[in-house]
Amino acid sequence: MNERALRVLEYAKIIDRLTELALTPIGKEYAAALKPSSDLETVALLQKQTGDALSRILAHGSVSFSGTRDIRGIFKRLEVGSSLNTKELLDVASVLNTTARAKSYGANEKEEGEGDSLEEMFSSLEPDKPLCAEIERCILAEDLIADDASAGLKKVRRQITITGERIRSELNSILAGSRSYLQESVITTRGGRYCLPVKAEHRSNVNGIVHDQSGTGSTLFIEPASVVKLNNELRELEIAEQKEIEQVLANLSASCALDAEVIRSDLMTLSKLDFIFARALLAREMKATEPVYNTEGRIVLKKARHPLIPASKVVPIDLHLGKDFHTLIVTGPNTGGKTVSLKTVGLLTLMGQSGLHIPAFDGSELSLFEEVYADIGDEQSIEQSLSTFSSHMTNIVTFLEEAGPSSLVLFDELCAGTDPTEGAALAIAILSFLHRMGCRVMATTHYSELKVFALTTEGVSNASCEFDVETLSPTYRLLIGIPGKSNAFAISSKLGVPGYIIDEAKEHLDRKDISFEDLLASLEASRKKIEEDRLEIDELKKAASKTRVSLDREYEDLDRQREELLESAREEARKILQDAKDYADNSIRRINQLSSGTAKGAVKELEKERSGLREQTKKQEEAASKSRKAAAAPAGAEPVKAESLRVGDPVHIISLRQDGTVSSLPDSKGKLYVSVGLIRYQVKLSDIARRKEEDITIETASGAKFGNGEIRKNDSGKGWRNGGKNGGGRRQNMYGSDSDTPFSGLAKAYSVSGEVNLIGMTADEAMSVLDKYLDDAYLAHLEQVRVVHGRGAGILRKATHEKLRQTSYVKEYHLGEYGEGDSGVTIVVFKK
């Protein structure tokens, strides 16, 4: 890619920001050296890596590579057997720590499913944790080696401590008896040896070696003779300590040398990942997306934004080039946004081919260009005697020599700065040549001749930057297919130029120019009218969408209310059955007590209890009979057969207790749509009845209104569930029995197993079975039960726990412990 295009399109500013986001020295080098590529596979890989890194950031947050030091210089030294210093070894440990952190971060994506383009890089990281731990154990800081780095070092330092204490003890005794000879009562050091500050006039009173004197000569620093030997021992110990430290560093360096290639590989991989994640962070910062690449020279930008203009000020543009036309000529007033649009196309092309996401809506397309040429800005040179026109033509000559079918050429004010007539003619010739060469060209201009050229040449289109004459300000919107006006007269008039001046100026215009400008004005008025109509249609669509959302919400509310009613009815039925169960329990206990008696009175009591039980059973059967009658279909309704059904037929939805009309015929599964007011319901054929006359709502003596599939109330206040899944059919009590009374289910209740096995079922099937089993077990007064759901993927376990959480009579539940089935079983405890 030619350097001039990179410079005029300000590509370097994007790279500077990218470099700031990189955290490692080598990663910053990669970022600074990034250049656009013309190889499709390379660009695709770079884009994929950027996208995968962005996905990881959005899902798990970013990962810091800041601990990756530039340790490339140590590897040569390790190869020749040299020892590393403490800073270099700590840098190695830092790289290894960062490797471990990055390795852990990379494992997140693998756990959630298939890997991405970065998985191989994360997997290749090899954090040498033992080596890292050993370095950190031995080296506490750049200038501090741990005492236990080696046994020899520990021994030497212990001896140093003992010797130092002996020296200080000896000197303290001297201090105590010679205070008058000393300048200060302190112990100091000179040249690594302990000394005393003695007054010069008392030199003869202190036997020892003079190591230094003060600047004035009044103080001599004397090493007393009694500690000379100890100081010599201390000095020898310090030399021994240094040798031990050098040995520790040598051993650590040798360990690093053994893993040098692994450390080098980790370093380079971390730097590459840092570079990739810097690209992802830039994409997140710019709210950028991955462009779709094609090889047909097609550019489609959706709401594209120039990345160097603040988000609060930039105006997105929609632009397409290379499909219906290959050359786009943009016209309009100055400061209208023509040059920004031109730069946006060029800069986003360069960014995309560098593997960077572009600030545009998802689905934007870019084509791969081998070269991008840009002639933007004034580059006149006094030194080279080049005028503005000459400098532009120098660039254009290069374009004409090198541009081809896989080139993108951008011109700002093509052939400006010279005679307008000749400039326009030259511009048309240049554009015609590039058009024949198959280049993708975008040019801005003020020449009206180029507008006509675009209108009359196949494969060339006009575009304009919209300008609001009323406010004298541009809107910066790019309009494809419409040539722009300079609006010089309108702007001048708004700014106060007298009308007679404007009128005289118009007289100097050619008649053709006036007609052409009038045509442009007419086109602009038509476009604005069409735009207003489109906006109005969009508003109507939004209003319709809101209405639909509101209706959907009402439909959901109706469903929720229906479920609440059904749940309330189920709860009431449970209470009714519990009452029956308690009565039966008391009766059975009483019968058992009486059966054990032999007295004549006991026999009478037994017969009396049995009669009471029969009477209670009879009452329940009467209640069930009334419930069956109340559960009949609405008056005037009759069953429906699919072959006799027609769209528009009046029907009654049994389960919803709603009247409606058929809006679609049944499908192969017997499902159809019925319209009730503005809402369409999908129901089963078996859930509707044909209406011959106005339906009658059934109400029992207790005041309950109902339809099939719900809990009914009869006069005695007892409840039954009428029908099965389809709203009709046989009646079932809460034990699942087909009997007319709850007492026929008592035997089953007493024989309820303490365990239910859900393995092999789908989640829906399992929840249906579990719901019924929990009812049976609770009514059978079981204190706790085992639910066997297996381990597997955990789907049944999650569904089971959610069901138990929503069940009101469950006190607590937990996974089985050792010996109970472990995590494949859930133990359920019921409320008393």
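Residues numbered from 1 in each chain as written. Predicted model: local features only at pLDDT ≥ 70, side-chain atom pairs only at ≥ 80, totals over all residues. Heavy atoms only, no water.

1. Quick word on the overall build of the protein
Point 1. The helix and strand inventory of the protein stands at 22 helices and 28 strands.
Point 2. Taken over 832 residues, the protein has a buried fraction of 43%.
Point 3. Across the protein, every contact between residues at least 6 apart in sequence was considered, and the portion connecting residues at least 24 apart equals 66%.
Point 4. Here the protein has roughly 43,500 Å² of accessible surface; of this, 51% comes from carbon and sulfur atoms. (Helix = DSSP H or I, 4+ residues; strand = E, 2+ residues; numbered from the N terminus. Buried < 20%, exposed > 50% of the residue type's maximum accessible area, 1.4 Å probe, protein only. Contact = heavy atoms within 4.5 Å. Areas by Shrake-Rupley, 256 points an atom, 1.4 Å probe, with all protein chains shown as cover.)

2. Focus: the packing of aromatic side chains
One pair of aromatic rings is described through two measures. These are the centre distance and the angle between the planes.
Point 1. Counted under the stated rule, the structure contains 10 aromatic pairs.
Point 2. A centroid spacing of 6.1 Å and a plane angle of 50 degrees characterise the contact between Tyr105 and Phe122, whose relative ring orientation is tilted. Of this pair, Tyr105 sits in helix α6 (residues 86-112) while Phe122 sits in helix α7 (residues 119-124); the two residues are 17 residues apart in sequence, bridging distant segments of the chain. Like Tyr105, the residue Phe122 is buried in the burial classification.
Point 3. Here Phe122 and Phe277 contribute two aromatic rings whose centre-to-centre distance is 6.3 Å and whose plane-to-plane angle is 80 degrees, an arrangement assigned as edge-to-face. Here Phe122 is found in helix α7, whereas its partner Phe277 is found in helix α11 (residues 260-286), with 155 residues between them in sequence. Phe277 matches Phe122 in its accessibility class, with the two residues each being buried. (Phe/Tyr/Trp six-rings, centres within 6.5 Å; stacked < 30°, edge-to-face > 60°.)

3. Some words on unusual backbone geometry
Point 1. Positive phi is not limited to glycine here, since Lys287 has a value of about 55 degrees.
Point 2. Structurally, Lys287 can be placed in the loop between α11 and β7 (292-294).
Point 3. Its identity is not glycine, yet Cys415 carries a phi of approximately 60 degrees, on the positive side.
Point 4. Examined against the element boundaries, Cys415 turns out to sit in the loop between β13 (407-411) and α14 (420-436).

4. Section: the side chain of Asn294
Point 1. Here Asn294 is to be found in strand β7.
Point 2. Only 3.3 Å separates the side chain of Asn294 from the side chain of Glu365, close enough to count as a polar contact. (Polar contact = N/O pair within 3.5 Å; in protein donor to acceptor, adjacent residues only side chain to side chain.)

5. Overview of the packing of helix α4 (residues 40-60) against α11
Point 1. Packing of α4 against α11 leaves a shortest axis separation of 8 Å and a crossing angle of 70 degrees. By the criterion of interaxial angle, the relationship of α4 to α11 is roughly perpendicular. Regarding α4 and α11, the two cross each other, and that crossing is right-handed. Contact residues: α4 offers Leu46, Gln49, Thr50, Ala53, Leu54, Arg56, Ile57 and Leu58, while α11 offers Ile276, Phe277, Arg279, Ala280, Leu281, Ala283 and Arg284.
Point 2. Considered class by class, the residues forming the contact of α4 with α11 number 10 nonpolar, 2 polar and 3 charged. (Axes fitted to C-alpha atoms, helices over the stretch in contact; angles between N-to-C directions. Parallel < 35°, antiparallel > 145°, perpendicular 65-115°, else oblique. Left-handed = near helix turned anticlockwise from the far one by under 90°. Nonpolar A, V, L, I, M, F, W, Y, C, P; charged D, E, K, R; others polar.)

6. Topic: the pattern of salt bridges
Point 1. All told, the structure shown has 29 salt bridges when counted by the stated rule.
Point 2. With a closest N to O distance of 3.2 Å, Asp318 and Lys303 form a salt bridge. With a gap of 15 residues between them, Asp318 in strand β9 (residues 317-321) and Lys303 in strand β8 (residues 299-304) connect regions that are remote in the sequence.
Point 3. Given a relative accessible area of 35%, Lys303 falls into the partly exposed group.
Point 4. Here Lys803 and Asp771 are joined by a salt bridge, their closest N and O atoms 3.3 Å apart. Pair noted here: Lys803 is in helix α22 (residues 795-806) and Asp771 is in helix α21 (residues 763-779), with a separation of 32 residues, a long-range link.
Point 5. It is possible to trace a salt-bridge network through shared partners that takes in Lys76, Glu79, Glu261 and Arg264. (Salt bridge = Lys/Arg side-chain N within 4 Å of Asp/Glu carboxyl O.)

7. A closer look at the sheet that holds strand β5 (residues 208-213)
Point 1. In space, the 4 strands of this open sheet follow the order β3-β4-β6-β5, with antiparallel pairing throughout. Among the strands making up the open sheet, the edge pair consists of β3 (188-190) and β5. Geometrically, the sheet is characterised by an average inter-axis angle of 50 degrees between neighbouring strands, direction not taken into account.
Point 2. Note: β3 against strand β4 (residues 193-199), 3 bridges, orientation antiparallel. By the bridge assignment for β4, Thr189 is matched with Tyr194.
Point 3. With respect to the sheet, helix α9 (residues 151-177) is in contact with β4 and β6 (219-224), its orientation differing from that of β4 by roughly 10 degrees. (Pairing = 2+ DSSP bridges.)

8. So, a nonpolar patch on the surface
Point 1. A cluster of nonpolar residues, Val497, Tyr500 and Ile501, forms a patch on the protein surface that exposes about 290 Å² of accessible area.
Point 2. The topology assignment puts Val497 in the loop between α16 (488-494) and α17 (499-507).
Point 3. Here Val497 falls in the partly exposed class, since its relative accessible area comes to 32%. (Patch = residues over 30% accessible without salt bridge, like charges linked within 9 Å, V, L, I, M, F, W, Y side chains within 5 Å.)

9. Observations concerning the nonpolar core
Point 1. Counting residues in each nonpolar core, the largest one holds 91 residues, and the members touching the most others are Leu18, Ile135, Phe277 and Ile299.
Point 2. In terms of residue count, the dominant contributor to this core is α11 (14 residues).
Point 3. When residues no more than four places from it in sequence are discounted, the contact partners of Phe277 are Ala53, Arg56, Ile57, Val63, Phe65, Tyr105, Leu118 and Phe122.
Point 4. Within the second largest apolar cluster, 23 residues are counted, among which are Tyr373, Phe399, Phe453 and Ala454. (Core = buried A, V, L, I, M, F, W, Y, C linked by side-chain atoms within 4.5 Å.)

10. Topic: the pairing of strand β28 (residues 825-830)
Two faces, one strand: in a regular strand the side chains alternate between the faces of the sheet.
Point 1. Along β28, 6 of the 6 residues are buried, which leaves the element largely enclosed by surrounding structure.
Point 2. Of the two faces of β28, the one holding Val825, Ile827 and Val829 and the one holding Thr826, Val828 and Phe830 are both buried throughout.
Point 3. As defined by bridge partners, strand β26 (residues 784-788) adjoins β28 across 5 bridges and the pair is classed as antiparallel. From the neighbouring strand, Gln784 faces β28, where its bridge partner is Val829.

11. Overview of helix α15 (residues 448-456)
Since one α-helical turn is 3.6 residues long, residues separated by three or four positions face the same way.
Point 1. Along α15, the residues classified as buried are Leu450, Lys451, Phe453 and Ala454. The buried side chains of α15 occupy one side of the element, clustering within an arc of 160 degrees when seen end-on. Along α15, the residues that are exposed and aim more than 90 degrees away from the buried face are Leu455 and Thr456. (Arc of directions from axis to C-beta.)

12. Quick look at the sheet that holds strand β27 (residues 810-815)
Point 1. Strand order in the open sheet formed by 4 strands is β25-β26-β28-β27, with mixed pairing between adjacent strands. Each having just a single partner strand, β25 (755-757) and β27 make up the two edges of the open sheet. With strand direction ignored, the average angle separating the axes of adjacent strands in the sheet is 20 degrees.
Point 2. Sheet topology places β27 next to β28; 5 bridges connect them, and they run antiparallel. Paired with Glu812 across the strands is Val829, a residue of β28.
Point 3. Strands in contact with α21 are β25, β26 and β28; relative to β25, the strand with the most contacts, it is inclined by about 170 degrees.

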